[in-house]
Amino acid sequence: MTAPMPAAFIGHGSPMNALEANRYTTSWHALGSALPRPRAVLVISAHWYIHATAVTAMPRPRTIHDFYGFPQELFGLDYPATGDRELAEEVADVVSPTWVGLDEDSWGLDHGTWSVLAHVFPEADVPVVQLSINALKPLEYHLALGAALAPLRERGVLVLGSGNVVHNLAGMDPRHADDGFDWAQRFDDAARETMTGSPDALPRLQGDADWGTAVPTPDHFIPLLYLAGLGAAAGQGAEVLVDGYAYGSLSMTSYTLGDTAGAGPSTDAGVAPPPGVPGDDSNM
């Protein structure tokens, strides 16, 4: 019996990671090399945060540069992966009766997707579909929707969440380029304990004393719930791919589910973006 396709959550950080070579992007590349070749990738990105549940269904999703103030080189980056309408229809079917709309022309691939996949699959030779985050729904909805996607792993689909466990842009401090504030580390540790032990309990972190500071808005946290749901469906905890912090108030922790031997944690020093490069809030 063939093992199900692994799944992952990537702490994507700054869009500049699309161009950087650092310990995070090195781990993302190692993950791509360690994975069985997927039929397609289904990405849940923090940056498609709308009032509906939808999935991209266009044959050629555009590369969306959903930010401002970055070097022109970043705006010139194109990720020309094809879409996969058949997979989009499968997503809508497998999570039924939850309704999922087919988006044929409004979205594409935002930087939460392509800045990561530029390292995981640099040739852009694997079809990519994005699933939106429904901003009107509670955390439990996203956990359950993640669990409902589990059959796709048996069909060769890589399910990948992209966000940040701790994402407080107002608290960023350039003096702490590679450090995490105490509250950020506490919350990141609480999430790690849950994800590696009982991923189905992840929504309970709303009651954590550091929730309001670590997760001032839920958009970057919610993609983690999809991996938690897949872990709950498999009766399995996740493993840490790489961890670390940026500017005190961002966690770069990434997780995997399933066999990803050869894509272990990296311990090399991180690389901070050049001076003057804005934070990840420049797309809001």
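Only a predicted model underlies this, so the values are computations on that prediction, with no experimental measurement involved.

**Points about the pairing of strand S7 (residues 128–134)**
Counting buried residues in S7 gives seven out of seven residues, a clear majority hidden from the surface. Pairing geometry for strand S2 (residues 40–50) and S7, over six bridges, is parallel. In the sheet register, tyrosine 49 faces S7, and the bridge partner there is isoleucine 133.

**Brief notes about the packing of helix H1 (residues 23–34) against helix H4 (residues 111–120)**
Interaxial distance between H1 and H4 falls to 7 Å at its minimum, and their mutual angle equals 60 degrees. Residues Thr25, Trp28, His29 and Gly32 of H1 form the contact with H4, whose participating residues are Ser115, Val116, His119 and Val120. Broken down by class, the residue content of the contact of H1 with H4 amounts to three nonpolar, five polar and no charged.

**Regarding the pattern of salt bridges**
The full count for this structure, using the stated rule, is eight salt bridges. Measuring nitrogen to oxygen at the nearest pair gives 3.1 Å for the salt bridge that ties glutamate 89 to arginine 85. Here glutamate 89 and its partner arginine 85 are both found in helix H3 (residues 85–94), four residues apart, which amounts to about one turn of the helix. Of the charged contacts in the structure, one is a salt bridge between arginine 175 and aspartate 173, with a shortest N-O distance of 2.7 Å. On the accessibility criterion, aspartate 173 (12% relative accessible area) is buried. Shared partners join several salt bridges into a network, and the residues in it are Arg39, Glu90 and Arg155.

**Section: helix H5 (residues 139–148)**
Looking only at H5, the buried set comprises Leu139, Tyr141, His142, Leu143, Leu145 and Gly146. Considering only its buried residues, H5 is in contact with S7, helix H6 (150–154), helix H8 (211–214) and helix H9 (222–234).

**Some points on the environment of aspartate 66**
Mapped onto the secondary structure, aspartate 66 falls in the loop between strand S4 (62–63) and helix H2 (72–75). Assessed through its relative accessible area of 11%, aspartate 66 is described here as buried. Separated by 92 residues in sequence, aspartate 66 and leucine 158 place their C-alpha atoms 24 Å apart. Here histidine 111 takes part through its side chain, which lies 2.9 Å from a polar atom of the side chain of aspartate 66.

The rules behind each value
Residues numbered from 1 in each chain as written. Predicted model: local features only at pLDDT ≥ 70, side-chain atom pairs only at ≥ 80, totals over all residues. Heavy atoms only, no water. Buried < 20%, exposed > 50% of the residue type's maximum accessible area, 1.4 Å probe, protein only. Helix = DSSP H or I, 4+ residues; strand = E, 2+ residues; numbered from the N terminus. Pairing = 2+ DSSP bridges. Axes fitted to C-alpha atoms, helices over the stretch in contact; angles between N-to-C directions. Contact = heavy atoms within 4.5 Å. Nonpolar A, V, L, I, M, F, W, Y, C, P; charged D, E, K, R; others polar. Salt bridge = Lys/Arg side-chain N within 4 Å of Asp/Glu carboxyl O. Polar contact = N/O pair within 3.5 Å; in protein donor to acceptor, adjacent residues only side chain to side chain.

Geometric descriptors of this kind do not, in isolation, establish any biological role.
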